[in-house]
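Per-entry structural report
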Amino acid sequence: MKSVAIVFRHAPFGSTSGREGLDVAMLSASFEQQVSLIFTDEAVLHLLGGQTPEQAGAKDYLSALKALPLYDIDTVLVCSESMQKIGLNASELSIDAEVASADMITQTLQAVDEVLVF
């Protein structure tokens, strides 16, 4: 089984990279690839609960994050340093995700067959 890490680096609104990354994650998982998601930099905002993308003129793809377990995407890491910079804590996240150190993220990236960055 091929393993893929998808790294999200950009804020949820203003570009389509987050939606595209999530689509690739779900498509890859549906073809029985082992998928890990990593949220870093401004992308940690994807996981902030209570967002209404429609008010920003965007389609709501963030609600699809709740479907990750249905695709057997169990590894969701959030960069602890990025969360600190933005001022978020784990209780504010809309899904179950593991707050991870830079070392843990590096280990995850080294363990997979392919890394895609969005």
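- Naming follows an unreviewed UniProt entry, where the protein appears as Sulfurtransferase TusC of Shewanella litoralis.
- According to the UniProt record, the Sequence similarities (unreviewed entry) comment for the protein reads "Belongs to the DsrF/TusC family."

1. Let's talk about the sheet that holds strand S4 (residues 98-100)
- Read across the open sheet, the 5 strands follow the order S4-S3-S2-S1-S5; overall the sheet is parallel. Edge positions in the sheet fall to S4 and strand S5 (114-117), since each of these pairs with one other strand and no more. Strand after strand, the sheet turns through a mean of 25 degrees between neighbouring axes, direction not considered.
- Relative to S5, strand S1 (residues 3-8) is paired through 4 bridges, and the arrangement is parallel. Across the sheet, Ala 5 pairs through a bridge with Val 115, a residue of S5.
- Strands S1, strand S2 (34-39) and S5 of the sheet are contacted by helix H1 (residues 17-30), whose axis makes an angle of about 165 degrees with S1.

2. What about the pairing of S1?
- For S1, a buried count of 6 out of 6 residues is recorded, marking the element as mostly surrounded by other parts of the structure.
- By the bridge criterion, 6 bridges tie S1 to S2 in an arrangement that is parallel. Counted as the bridge partner of Ile 6 is Leu 37 from S2.
- In this fold, the crossover linking S1 to S2 by way of H1 has right-handed handedness.

Calculation rules
- Residues numbered from 1 in each chain as written.
- Predicted model: local features only at pLDDT ≥ 70, side-chain atom pairs only at ≥ 80, totals over all residues.
- Heavy atoms only, no water.
- UniProt positions renumbered as here; feature names shortened; annotations may be inferred.
- Pairing = 2+ DSSP bridges.
- Helix = DSSP H or I, 4+ residues; strand = E, 2+ residues; numbered from the N terminus.
- Axes fitted to C-alpha atoms, helices over the stretch in contact; angles between N-to-C directions.
- Contact = heavy atoms within 4.5 Å.
- Buried < 20%, exposed > 50% of the residue type's maximum accessible area, 1.4 Å probe, protein only.
- Right-handed = clockwise from strand over helix to strand, strands pointing away.

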